Amino acid sequence: LAKTTQPISMDSYEGQEVNITCSHNNIATNDYITWYQQFPSQGPRFIIQGYKTKVTNEVASLFIPADRKSSTLSLPRVSLSDTAVYYCLVGGYSGGYQKVTFGIGTKLQVIP
Amino acid sequence: SQTIHQWPATLVQPVGSPLSLECTVEGTSNPNLYWYRQAAGRGLQLLFYSVGIGQISSEVPQNLSASRPQDRQFILSSKKLLLSDSGFYLCAWQGQLNTEAFFGQGTRLTVV
(Lines give C-alpha, C1' and ligand atoms only; values in the text may rest on other atoms or scores of the structure.)
Protein backbone atom coordinates (compact mmCIF):
# COMPACT_ATOMS: atom_id res chain seq x y z
CA LEU A 1 0.00 0.00 0.00
CA ALA A 2 1.28 3.42 -0.91
CA LYS A 3 1.84 5.42 2.26
CA THR A 4 1.76 9.19 2.22
CA THR A 5 3.70 11.69 4.29
CA GLN A 6 2.75 15.33 4.56
CA PRO A 7 3.43 18.13 7.05
CA ILE A 8 1.20 18.08 10.08
CA SER A 9 0.51 21.79 9.99
CA MET A 10 1.20 24.98 8.07
CA ASP A 11 0.48 28.65 8.61
CA SER A 12 -0.01 31.22 5.88
CA TYR A 13 -1.14 34.80 5.60
CA GLU A 14 -4.16 35.76 3.59
CA GLY A 15 -3.44 36.39 -0.07
CA GLN A 16 -0.38 34.20 -0.22
CA GLU A 17 0.08 31.11 -2.31
CA VAL A 18 0.29 27.93 -0.26
CA ASN A 19 2.08 24.80 -1.39
CA ILE A 20 1.56 21.55 0.49
CA THR A 21 3.83 18.71 -0.50
CA CYS A 22 3.03 15.05 -0.06
CA SER A 23 5.54 12.20 -0.32
CA HIS A 24 4.44 8.84 -1.66
CA ASN A 25 7.58 6.88 -2.47
CA ASN A 26 5.78 3.57 -2.97
CA ILE A 27 3.15 4.79 -5.40
CA ALA A 28 2.00 2.09 -7.79
CA THR A 29 1.74 2.45 -11.52
CA ASN A 30 -2.03 2.54 -11.48
CA ASP A 31 -2.43 4.86 -8.49
CA TYR A 32 -3.97 8.29 -8.77
CA ILE A 33 -3.11 11.16 -6.44
CA THR A 34 -6.08 12.86 -4.87
CA TRP A 35 -6.42 15.75 -2.46
CA TYR A 36 -9.32 16.42 -0.14
CA GLN A 37 -10.22 19.33 2.10
CA GLN A 38 -11.99 18.91 5.42
CA PHE A 39 -13.55 21.57 7.61
CA PRO A 40 -14.31 20.83 11.27
CA SER A 41 -17.33 18.58 11.78
CA GLN A 42 -17.80 18.06 8.04
CA GLY A 43 -16.95 15.29 5.64
CA PRO A 44 -13.93 15.69 3.36
CA ARG A 45 -14.49 17.39 0.05
CA PHE A 46 -12.69 16.55 -3.16
CA ILE A 47 -10.29 19.24 -4.37
CA ILE A 48 -8.24 17.85 -7.21
CA GLN A 49 -6.87 14.65 -8.68
CA GLY A 50 -4.04 13.82 -11.00
CA TYR A 51 -1.87 11.09 -12.37
CA LYS A 52 1.16 12.93 -13.70
CA THR A 53 2.50 16.38 -14.64
CA LYS A 54 0.16 19.24 -13.76
CA VAL A 55 -3.55 19.49 -13.20
CA THR A 56 -5.40 22.74 -12.60
CA ASN A 57 -8.99 23.50 -11.75
CA GLU A 58 -10.85 26.51 -10.40
CA VAL A 59 -9.72 25.78 -6.86
CA ALA A 60 -6.15 24.53 -6.98
CA SER A 61 -3.26 23.16 -8.96
CA LEU A 62 -1.56 19.83 -8.52
CA PHE A 63 2.05 19.35 -9.53
CA ILE A 64 3.38 15.82 -9.96
CA PRO A 65 7.02 15.22 -10.97
CA ALA A 66 7.95 12.57 -13.48
CA ASP A 67 8.84 9.96 -10.85
CA ARG A 68 5.47 10.51 -9.13
CA LYS A 69 7.02 9.98 -5.70
CA SER A 70 5.67 13.25 -4.47
CA SER A 71 3.02 15.78 -5.32
CA THR A 72 2.35 19.40 -4.43
CA LEU A 73 -1.02 20.95 -3.90
CA SER A 74 -0.95 24.66 -4.69
CA LEU A 75 -3.63 26.98 -3.38
CA PRO A 76 -3.43 30.43 -4.94
CA ARG A 77 -4.11 33.50 -2.81
CA VAL A 78 -5.58 31.76 0.22
CA SER A 79 -8.31 33.33 2.30
CA LEU A 80 -9.44 32.70 5.85
CA SER A 81 -12.04 30.27 4.53
CA ASP A 82 -9.25 28.01 3.29
CA THR A 83 -8.35 27.16 6.88
CA ALA A 84 -8.91 23.41 6.94
CA VAL A 85 -7.21 20.04 6.97
CA TYR A 86 -5.88 18.85 3.62
CA TYR A 87 -5.44 15.16 2.90
CA CYS A 88 -3.25 13.60 0.25
CA LEU A 89 -4.37 10.17 -0.92
CA VAL A 90 -2.79 7.69 -3.26
CA GLY A 91 -4.69 4.91 -4.90
CA GLY A 92 -8.24 4.49 -6.02
CA TYR A 93 -7.59 3.03 -9.43
CA SER A 94 -10.50 1.02 -10.79
CA GLY A 95 -12.94 3.00 -8.73
CA GLY A 96 -12.16 1.60 -5.32
CA TYR A 97 -11.00 3.23 -2.13
CA GLN A 98 -10.79 -0.10 -0.38
CA LYS A 99 -7.11 0.23 0.33
CA VAL A 100 -6.84 3.98 0.42
CA THR A 101 -5.95 5.42 3.77
CA PHE A 102 -6.59 8.93 4.95
CA GLY A 103 -3.69 10.03 7.12
CA ILE A 104 -3.88 12.85 9.64
CA GLY A 105 -3.52 15.40 6.85
CA THR A 106 -2.05 18.89 6.92
CA LYS A 107 -3.80 21.44 9.06
CA LEU A 108 -3.59 24.76 7.24
CA GLN A 109 -4.17 27.87 9.31
CA VAL A 110 -4.68 31.07 7.31
CA ILE A 111 -3.81 34.17 9.28
CA PRO A 112 -5.37 37.57 8.59
CA SER B 1 -27.45 14.95 -9.40
CA GLN B 2 -26.10 12.62 -6.78
CA THR B 3 -26.61 13.24 -3.10
CA ILE B 4 -25.70 11.41 0.06
CA HIS B 5 -27.70 11.55 3.24
CA GLN B 6 -26.39 10.54 6.62
CA TRP B 7 -28.23 10.72 9.93
CA PRO B 8 -28.42 11.57 12.69
CA ALA B 9 -25.99 14.47 12.82
CA THR B 10 -25.26 14.01 16.51
CA LEU B 11 -25.93 11.17 18.90
CA VAL B 12 -25.27 10.57 22.57
CA GLN B 13 -25.59 6.97 23.66
CA PRO B 14 -24.83 5.15 26.92
CA VAL B 15 -22.25 2.41 27.07
CA GLY B 16 -23.77 -0.95 26.22
CA SER B 17 -26.59 0.46 24.14
CA PRO B 18 -27.13 -0.48 20.49
CA LEU B 19 -26.30 1.72 17.54
CA SER B 20 -27.71 2.18 14.08
CA LEU B 21 -26.45 4.82 11.68
CA GLU B 22 -27.96 5.03 8.25
CA CYS B 23 -26.58 6.34 5.00
CA THR B 24 -28.42 6.60 1.71
CA VAL B 25 -27.31 7.73 -1.71
CA GLU B 26 -29.50 9.16 -4.44
CA GLY B 27 -28.90 9.69 -8.11
CA THR B 28 -26.53 6.84 -8.79
CA SER B 29 -26.59 3.09 -8.93
CA ASN B 30 -24.24 0.38 -7.75
CA PRO B 31 -21.90 2.72 -5.90
CA ASN B 32 -19.02 1.67 -3.72
CA LEU B 33 -19.99 2.58 -0.17
CA TYR B 34 -17.73 3.28 2.77
CA TRP B 35 -17.91 3.88 6.52
CA TYR B 36 -15.09 5.81 8.13
CA ARG B 37 -14.46 6.87 11.70
CA GLN B 38 -12.47 9.87 12.76
CA ALA B 39 -11.30 10.28 16.33
CA ALA B 40 -10.58 13.77 17.58
CA GLY B 41 -7.46 15.16 15.90
CA ARG B 42 -6.92 12.00 13.91
CA GLY B 43 -7.20 10.89 10.32
CA LEU B 44 -10.05 8.91 8.83
CA GLN B 45 -10.04 5.22 9.61
CA LEU B 46 -11.75 2.98 7.08
CA LEU B 47 -14.15 0.67 8.90
CA PHE B 48 -16.19 -1.04 6.19
CA TYR B 49 -16.66 -0.94 2.46
CA SER B 50 -19.17 -2.47 0.14
CA VAL B 51 -19.09 -3.00 -3.60
CA GLY B 52 -22.63 -4.35 -3.85
CA ILE B 53 -25.76 -5.45 -2.02
CA GLY B 54 -24.93 -7.83 0.77
CA GLN B 55 -21.19 -7.52 0.13
CA ILE B 56 -19.40 -6.11 3.15
CA SER B 57 -15.69 -6.06 3.88
CA SER B 58 -14.24 -5.05 7.20
CA GLU B 59 -10.94 -3.29 7.49
CA VAL B 60 -10.48 -3.43 11.25
CA PRO B 61 -11.79 -5.77 13.95
CA GLN B 62 -14.24 -4.08 16.27
CA ASN B 63 -17.66 -4.46 17.81
CA LEU B 64 -19.25 -2.69 14.87
CA SER B 65 -20.94 -4.25 11.87
CA ALA B 66 -22.27 -2.99 8.58
CA SER B 67 -25.01 -4.05 6.24
CA ARG B 68 -26.15 -3.09 2.78
CA PRO B 69 -29.75 -4.21 2.43
CA GLN B 70 -30.35 -2.13 -0.67
CA ASP B 71 -28.12 -0.84 -3.46
CA ARG B 72 -27.97 2.69 -2.09
CA GLN B 73 -28.34 2.07 1.63
CA PHE B 74 -25.50 1.42 4.02
CA ILE B 75 -26.04 0.86 7.72
CA LEU B 76 -23.52 0.86 10.55
CA SER B 77 -24.54 -1.00 13.67
CA SER B 78 -23.41 -2.14 17.05
CA LYS B 79 -25.10 -4.38 19.59
CA LYS B 80 -23.26 -2.87 22.55
CA LEU B 81 -21.39 0.40 22.34
CA LEU B 82 -18.07 0.97 24.04
CA LEU B 83 -16.61 4.26 25.20
CA SER B 84 -13.95 3.85 22.52
CA ASP B 85 -16.65 3.92 19.83
CA SER B 86 -17.02 7.66 20.30
CA GLY B 87 -16.01 9.62 17.24
CA PHE B 88 -17.09 11.21 14.01
CA TYR B 89 -18.58 8.68 11.60
CA LEU B 90 -18.59 9.39 7.92
CA CYS B 91 -20.29 7.61 5.09
CA ALA B 92 -19.00 7.98 1.56
CA TRP B 93 -19.89 6.77 -1.90
CA GLN B 94 -17.84 6.37 -5.02
CA GLY B 95 -18.84 5.56 -8.57
CA GLN B 96 -17.50 2.47 -10.22
CA LEU B 97 -15.50 4.44 -12.75
CA ASN B 98 -14.79 7.52 -10.70
CA THR B 99 -11.98 7.69 -8.20
CA GLU B 100 -13.49 10.70 -6.43
CA ALA B 101 -15.39 9.90 -3.26
CA PHE B 102 -18.30 11.92 -1.93
CA PHE B 103 -18.82 12.16 1.80
CA GLY B 104 -21.88 12.69 3.91
CA GLN B 105 -22.01 15.32 6.61
CA GLY B 106 -21.09 12.86 9.32
CA THR B 107 -22.50 11.73 12.65
CA ARG B 108 -20.88 12.85 15.87
CA LEU B 109 -21.28 9.92 18.28
CA THR B 110 -20.54 10.33 21.95
CA VAL B 111 -20.71 7.25 24.11
CA VAL B 112 -21.17 8.09 27.78
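Scroll up to find the structure this text is about.
**A closer look at the side chain of A:Ser12**
Residues and elements named next belong to chain A. For Ser12, the location among the structural elements is in strand β1 (residues 9-13). Separated by 3.4 Å, the side chains of Ser12 and Gln16 make a polar contact. In this structure, Ser12 is in contact with Val18, Val78, Leu108, Gln109, Val110 and Ile111, ignoring residues within four places of it in sequence.

**Let's talk about the packing of aromatic side chains**
Following the criterion strictly, the structure yields twelve aromatic pairs over all chains and no others. Taking 5.4 Å as the distance between ring centres and 80° as the angle between the ring planes, the aromatic pair formed by A:Phe102 and B:Tyr36 counts as edge-to-face. Here A:Phe102 is found in the loop between β8 (84-91) and β9 (106-111), whereas its partner B:Tyr36 is found in strand β4 (residues 32-38) on a different chain. According to the relative accessible area criterion, A:Phe102 is buried, its value standing at 3%. By relative accessible area, B:Tyr36 is classed as buried at 1%. Both rings, one in B:Tyr34 and one in B:Tyr36, keep their centres 6.2 Å apart while their planes meet at 35°; by these two values the pair is tilted. Judged on exposure class, the residue B:Tyr34 and its partner B:Tyr36 are both buried. Joined through ring pairs, the aromatic side chains of A:Tyr36, A:Phe46, A:Tyr87, A:Phe102, B:Tyr34, B:Tyr36, B:Tyr49 and B:Phe103 make up one cluster. One cation-aromatic arrangement involves A:Arg68 over A:Tyr51; the distance from NZ or CZ to the ring centre is 3.9 Å.

**Describing the pattern of salt bridges**
Opposite charge on two side chains permits them to pair, given that their charged atoms come into close proximity. All names here are of chain B. A complete count under the given rule lists two salt bridges over all chains for this structure. Ionic pairing is found between Arg68 and Asp71, a salt bridge with its closest N-O pair at 3.2 Å. Accessibility expressed as a relative area gives 3% for Arg68, which makes it buried.

**Describing the environment of A:Val18**
Residue and element names in this part refer to chain A. Considering the arrangement of structural elements, one finds Val18 in strand β2 (residues 18-23). Given a relative accessible area of 3%, Val18 falls into the buried group. Spatially, the C-alpha atoms of Val18 and Ser74 are 5.6 Å apart, while their sequence positions differ by 56 residues.

**Some words on the environment of A:Tyr86**
Residue and element names in this part refer to chain A. Checked against the element boundaries, Tyr86 lands in strand β8. We classify Tyr86 as buried; its relative accessible area is 0%. Taking the C-alpha atoms as reference points, Tyr86 and Tyr51, 35 residues apart in sequence, are found 18 Å from one another. Excluding residues within four positions of it along the chain, Tyr86 makes contact with Gln6, Ile20, Trp35, Tyr36, Gln37, Ile47, Leu73, Leu75, Gly105, Thr106 and Leu108. Within the structure, Tyr86 has its side chain in polar contact with the side chain of Gln37 (distance 3.0 Å).

**Examining the sheet that holds strand β7 (residues 64-70) of chain B**
Residues and elements named next belong to chain B. Strand order in this open sheet of four strands is β1-β3-β8-β7, and the pairing throughout is antiparallel. Looking at which strands have only one partner, the edges of the open sheet turn out to be β1 (3-7) and β7. Ignoring which end each strand starts from, the neighbouring axes of this sheet average 15° apart. Judged from the five bridges that link them, β1 and strand β3 (residues 19-26) form a sheet pairing that is antiparallel. Looking across to β3, one finds that Ile4 is bridged to Val25.

Parameters at a glance
Residues numbered from 1 in each chain as written. Chains lettered and ligands numbered in written order. Predicted model: local features only at pLDDT ≥ 70, side-chain atom pairs only at ≥ 80, totals over all residues. Heavy atoms only, no water. Helix = DSSP H or I, 4+ residues; strand = E, 2+ residues; numbered from the N terminus. Polar contact = N/O pair within 3.5 Å; in protein donor to acceptor, adjacent residues only side chain to side chain. Contact = heavy atoms within 4.5 Å. Phe/Tyr/Trp six-rings, centres within 6.5 Å; stacked < 30°, edge-to-face > 60°. Buried < 20%, exposed > 50% of the residue type's maximum accessible area, 1.4 Å probe, protein only. Lys NZ or Arg CZ within 6 Å of the ring centre and 35° of its normal. Salt bridge = Lys/Arg side-chain N within 4 Å of Asp/Glu carboxyl O. Pairing = 2+ DSSP bridges. Axes fitted to C-alpha atoms, helices over the stretch in contact; angles between N-to-C directions.

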